[in-house]
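Single-letter residue listing:
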Amino acid sequence: MASSSLVFRLHDRGPELVRKVLLERGWKEYDGGEQEEEDWNLYWRASAFRSSDYHNLLPWQRLNHHPKTVGITRKDCLVRNLRRMRATFRSSLYHFSPAAFILPNDHTRFLSEYTRRRQTGGWSAYWICKPVDLSQGRGIFIFEDYKDLIYDSSVVIQRYISNPLLISGYKFDLRIYVCVKNFHPLTIYMHQEGLVRFATDKYNLSSLDNLYAHLTNTSINKLGPFYTTNKERVGQGCKWAMNKFRCFLCSQGINELLLWQKINNIVTLTLLSIAPSVPSSPNCVELFGFDVLIDSKFKPWLLEVNSSPALTLDCQVDVAVKKGLISDLIDLMNYRSIDSLRERAYRKQLPRYHASQASRFSTPVATFKELKSQKTSGRRGRHQPDREGPPALRVGDFILTFPFNRATLNASQHKLDVKLVIQELHKLTCQLASGCSQSDKTRRREEGEGKKDEG
């Protein structure tokens with residue numbers, strides 16, 4: 001007899017955090033020895049699913065990856081797609097990624113740019129080399145002189161942002177958690193909590209080979225000599241929760257609204273580069289990790305996008321941030337009581353089960369027999385478009401960032417109107433920048449009048 005609990009299935013027994021959160025919520029773990037092959041509600045894996053996994057989905061099932069998102073999650077593909085978007089739309093909004101080259105193909109172009117920047121000198125003369133198919137900081141090095149560029153596989157060479165914003169002399173970047181609930185229509189949520197990841201040695205351009213001063217990857221810095229040291233303002237370890245960073249911005253008198261809008265722009269514009277080409281898969285959600293660096297002028301830069309951001313718990317900050325993150329992600333999946341009954345429910349109720357009663361992800365079909373025949377024949381079930389109105393503005397700490405107004409909602413409903421979306425983002429950013437500028441003038445005037453009164 002089928003269980004009435006929701007059932008999760010983990011590839012290679014991990015990640016442990018997902019298991020812990022789901023068990024605490026009353027879910028059961030899938031047991032292939034006792035349950036039917038399709039008797040599960042959520043299948044979670046770090047790597048990509050096969051095409052057949054998407055084609056064979058049943059109404060009560062969800063996957064934690066959309067198909068064909070490698071266009072932003074592999075370093076060389078991201079470079080190509082952002083380059084194409086800049087050339088196609090020529091919008092200044094797309095200037096959020098440092099100049100980049102894919103070697104060996106772009107070797108001549110890189111050499112030309114290197115020579116030009118070398119002649120002008122200054123901060124732009126530093127470069128960072130990243131293997132396209134490695135993660136967690138492996139194989140990365142920084143160089144200034146072309147003779148130090150040595151590689152034996154495909155790599156991305158990127159202009160190194162050598163004027164990062166520092167906190168007490170330490171470099172950091174932001175891990176922004178983004179959930180794409182749907183690509184058709186495009187629906188993006190950003191989690192209010194995230195991670196601030198620090199290098200554990202003080203930033204110094206005279207020691208480019210000191211990875212503990214230049215890279216923020218936890219996998220590297222937790223092995224460093226100063227990881228457990230109580231570092232000035234940063235503290236022990238190498239992470240803050242995002243709310244602590246917001247307090248830091250406030251202490252610096254920074255207007256958060258415009259900064260976060262620029263980060264929202266980075267996320268939306270990056271996803272727009274692949275959204276039209278991602279197949280419709282309403283039974284999927286995906287959690288991305290966007291790595292963003294802020295420079296000394298408070299300009300945010302996109303470093304890379306992770307398809308399976310790490311869910312390991314290396315410190316108490318991880319526990320505080322990631323546990324809530326996964327719980328909120330599950331809430332975004334819109335499970336309903338009928339989904340916990342799986343095959344049993346659909347056998348009994350499908351003849352009278354109408355599209356208006358289905359969850360956001362459900363696939364209305366005539367009979368369960370047809371569902372099974374579609375599964376065995378490999379044909380994709382027909383998914384009804386969402387007719388429940390606009391998406392929720394907030395789910396836990398996930399905040400809806402796209403669509404953000406009526407124009408972008410309409411632009412994403414049928415064929416995605418990328419040009420209109422970019423125009424709306426530009427309009428909103430200009431409005432915020434103008435408002436921030438006026439606020440700064442008012443504040444400076446009030447401060448000046450206060451000093452006169454004191455005199």
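Residues numbered from 1 in each chain as written. Predicted model: local features only at pLDDT ≥ 70, side-chain atom pairs only at ≥ 80, totals over all residues. Heavy atoms only, no water.

1. Digging into empty space enclosed by the protein
No. 1: Per the counting criterion, the structure on display carries five cavities of 30 Å³ or more.
No. 2: Roughly 80 Å³ of internal volume is contained in the largest cavity.
No. 3: If you trace the largest cavity, you find it lined by K75, L78, V79, S97, K130, V156, Q158, L302, L303 and E304.
No. 4: Of the residues assigned to the lining of the largest cavity, the class counts are five nonpolar, two polar and three charged. (1 Å grid on protein atoms, 1.4 Å probe; cavity = no way out; pocket = protein on both sides within 12 Å on 5 of 7 lines; lining within 4 Å. Points joined across faces, edges and corners; volume = space filled by probe spheres on them. Nonpolar A, V, L, I, M, F, W, Y, C, P; charged D, E, K, R; others polar.)

2. Points about the packing of helix α8 (residues 242-251) against helix α9 (residues 256-272)
No. 1: At a minimum axis separation of 11 Å, α8 and α9 run at an interaxial angle of 135°. On the basis of the axis angle, α8 is oblique to α9. In contact with M242, F245, R246 and L249 of α8, α9 contributes E256, L259 and W260.
No. 2: For the contact of α8 with α9, the per-class residue count stands at five nonpolar, no polar and two charged. (Axes fitted to C-alpha atoms, helices over the stretch in contact; angles between N-to-C directions. Helix = DSSP H or I, 4+ residues; strand = E, 2+ residues; numbered from the N terminus. Parallel < 35°, antiparallel > 145°, perpendicular 65-115°, else oblique. Contact = heavy atoms within 4.5 Å.)

3. Regarding the sheet that holds strand β1 (residues 7-10)
No. 1: Pairing is parallel in the open sheet, where four strands are placed in the order β2-β1-β3-β4. At either margin of the open sheet sits one strand with a lone partner, and together these are β2 (28-29) and β4 (62-63).
No. 2: Bridging between β1 and β2 involves two bridges; their strand directions are parallel. Each bridged residue has a counterpart across the sheet, and for V7 the counterpart in β2 is K28.
No. 3: Contacts from helix α1 (residues 16-24) reach β1, β2 and β3 (42-44) within the one sheet, and its direction differs from that of β1 by about 170°. (Pairing = 2+ DSSP bridges.)

4. Side note on the packing of aromatic side chains
No. 1: Taken as a whole and judged by the stated rule, the model has 19 aromatic pairs.
No. 2: Ring geometry for F172 versus F198: centroids 5.7 Å apart, planes at 50°, classification tilted. Highlighted residues: F172 in strand β10 (residues 170-183) and F198 in strand β12 (residues 195-198), separated in sequence by 26 residues. Taken individually, F172 and F198 each receive the classification buried, so the pair is uniform in this respect.
No. 3: Put simply, the rings of F101, F110, Y114, W127, F141, F143 and Y146 pair up and form one aromatic cluster.
No. 4: One cation-aromatic arrangement involves R62 over Y335; the distance from NZ or CZ to the ring centre is 4.3 Å. (Phe/Tyr/Trp six-rings, centres within 6.5 Å; stacked < 30°, edge-to-face > 60°. Buried < 20%, exposed > 50% of the residue type's maximum accessible area, 1.4 Å probe, protein only. Lys NZ or Arg CZ within 6 Å of the ring centre and 35° of its normal.)

5. Comments concerning the state of the cysteines
No. 1: In the structure shown here, the tally under the stated rule is zero disulfides.
No. 2: Not part of a disulfide, C238 finds its nearest cysteine sulfur in C315, a span of 6.8 Å. (Disulfide = S-S within 2.5 Å.)

6. Considering the packing of α1 against helix α10 (residues 316-332)
No. 1: Where α1 meets α10, the closest approach of the two axes is 10 Å, and the angle between their N-to-C directions is 60°. Accordingly, the angle class assigned to the pair α1 and α10 is oblique. As α1 runs across α10, the sense of the crossing is right-handed. Within the contact between the two elements, α1 uses L17, V18, K20, V21, L22 and E24 and α10 uses K322, K323, I326, S327 and I330.
No. 2: Within the contact of α1 with α10, the residues separate by chemical class into six nonpolar, one polar and four charged. (Left-handed = near helix turned anticlockwise from the far one by under 90°.)

7. Here we look at α1
No. 1: Among all positions of α1, only L17, V18, R19, V21 and L22 are buried.
No. 2: Contacts from the buried residues of α1 go to β1, β2, β3 and α10.
No. 3: Phi turns positive one or two residues past the end of α1, at G26, with a value near 95°.

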